[in-house]
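# Tertiary structure, described
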Amino acid sequence: MIRTTGVRLGMLPMAVLAMLAAGCGTHRPGDNAGADGPSRTAAATPSTPVDFPCPGESPTPTPPTTADTSGPAAPPTDHYAENHGFMVPFPLHGQHRCDGLAAVGRVEGALEPLRKRGDFSPESTRDALTGLGYSAGNVESYQNGPTGVSFLIDAFPLCVEGMMSRDVTQADAFGGYPDHPGCDRPTGGH
């Protein structure tokens, strides 16, 4: 008899646990619709950064992206994107985006005369960029073939990188990298 009493006493906590696990007594959205009392608000969702036309930029909306409807997307079999996400730079939004576009315009304008002259030396590139007011310690430039030079300006939180070749001068502004201080592209990972 002692044995059955112990089993019965052990069943009560199990029954209470089962009832709690089943969700008895919890409030679900939509329950008691129209009932008096305080209403619950929806959970906060992250806001989308707002971009606005920057000075000198046309206010035309960006074309909507179209989804590929050729078939169901298969999950990737490897984890390349997941494992290399730390190397994807942050885009700029709001006023930082406008500052970045202005910096890109100044950089391309300063380097274009060098490109037209055929001066692809890292030293000339660095001199032109420091002439814009960037500290020499924050400007990197390096040879990229016989007729090309690449550069990186670390004015964190604004980063500008690009290249100059016989055909084109181009620059891009971004806001750094995840889990990494500064503007240089991180290496390593997991």
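For the structure, check the block above.
Report follows, based on the coordinates. (Residues numbered from 1 in each chain as written. Predicted model: local features only at pLDDT ≥ 70, side-chain atom pairs only at ≥ 80, totals over all residues. Heavy atoms only, no water.)

## Description of the sheet that holds strand E2 (residues 148-155)
On the basis of which strands lie adjacent, the open sheet formed by four strands has the order E1-E2-E3-E4 and antiparallel pairing. Among the strands making up the open sheet, the edge pair consists of strand E1 (139-143) and strand E4 (169-174). Going from strand to strand, the sheet's axes swing by 15° on average, the running direction of each strand aside. Bridge count for strand E3 (residues 158-165) against E4 is six bridges, and the pairing is antiparallel. Looking at E4, one finds that Met164 is bridged to Thr169. Across the sheet, helix H4 (residues 122-130) is in contact with E1, E2 and E3; its angle to E1 comes to roughly 155°. (Pairing = 2+ DSSP bridges. Helix = DSSP H or I, 4+ residues; strand = E, 2+ residues; numbered from the N terminus. Axes fitted to C-alpha atoms, helices over the stretch in contact; angles between N-to-C directions. Contact = heavy atoms within 4.5 Å.)

## Things to note about the nonpolar core
The biggest cluster of nonpolar side chains holds 19 residues, and the ones touching the most others in it are Val107, Leu111, Leu129, Phe151, Ile153 and Val160. Looking at which element gives the most residues to this core, the answer is helix H3 (residues 94-117), with five residues. Excluding its chain neighbours within four sequence positions, the residues that come into contact with Leu111 are Thr125, Ala128, Leu129, Phe151, Met164 and Thr169. (Core = buried A, V, L, I, M, F, W, Y, C linked by side-chain atoms within 4.5 Å. Buried < 20%, exposed > 50% of the residue type's maximum accessible area, 1.4 Å probe, protein only.)

## Re the pattern of salt bridges
Enumeration according to the criterion identifies two salt bridges in this entry. Close ionic contact of Arg115 with Glu112 constitutes a salt bridge, the shortest N to O distance being 2.5 Å. With Arg115 and Glu112 both in helix H3, this residue pair falls three residues apart, about one helical turn. We classify Glu112 as partly exposed; its relative accessible area is 22%. With a closest N to O distance of 3.9 Å, Arg117 and Asp119 form a salt bridge. For Arg117, a relative accessible area of 59% translates into the label exposed. (Salt bridge = Lys/Arg side-chain N within 4 Å of Asp/Glu carboxyl O.)

## Some remarks on the packing of aromatic side chains
In this structure the tally under the stated criterion is one aromatic pair. Taking 5.4 Å as the distance between ring centres and 65° as the angle between the ring planes, the aromatic pair formed by Phe174 and Tyr177 counts as edge-to-face. No difference in accessibility class separates Phe174 from Tyr177, as the two residues are buried. (Phe/Tyr/Trp six-rings, centres within 6.5 Å; stacked < 30°, edge-to-face > 60°.)

## Examining H3
Think of an α-helix as 3.6 residues a turn; residues three or four steps apart then line up on the same face. With 24 residues, H3 extends 36 Å from end C-alpha to end C-alpha; this agrees with the ideal 34 Å at 1.5 Å per step. The largest bend in H3 amounts to roughly 30° and is located at Leu111, with the proline Pro113 lying one to four residues further along. Restricting attention to buried positions, one finds in H3 the residues Gly94, Arg97, Cys98, Gly100, Ala103, Val104, Val107, Leu111, Leu114 and Arg115. Taken from the residues just after H3, Gly118 is the one with a positive phi, measuring 80°. (Expected span 1.5 Å × (residues − 1). Bend = angle between axes of the 7 residues up to and from the residue.)

## Some thoughts on the pairing of E3
The buried fraction of E3 amounts to six of the eight residues, a majority that puts the element mostly inside the structure. In terms of strand pairing, E2 meets E3 through eight bridges, oriented antiparallel. Residue pairing for E3: Ser150 is matched across the bridge by Met163. Two successive antiparallel strands, E2 and E3, enclose a turn made up of two residues. Linking E3 to E4, which pair antiparallel, is a turn of three residues.

## As for unusual backbone geometry
Backbone torsion omega between Phe156 and Pro157 reads 20°, so that peptide bond is classified as cis. As for its placement among the helices and strands, Pro157 is situated in the loop between E2 and E3.

## Brief notes about the packing of H3 against H4
Viewed as axis vectors pointing N to C, H3 and H4 meet at an angle of 145°, and their least axial separation amounts to 9 Å. With respect to the hand of their crossing, H3 and H4 are arranged in right-handed fashion. Contact residues: Val107, Ala110, Leu111 and Leu114 in H3; Ser124, Thr125, Ala128 and Leu129 in H4. Split into classes, the residues belonging to the contact of H3 with H4 amount to six nonpolar, two polar and no charged. (Left-handed = near helix turned anticlockwise from the far one by under 90°. Nonpolar A, V, L, I, M, F, W, Y, C, P; charged D, E, K, R; others polar.)

Honestly, it's all geometry; don't read function into it.
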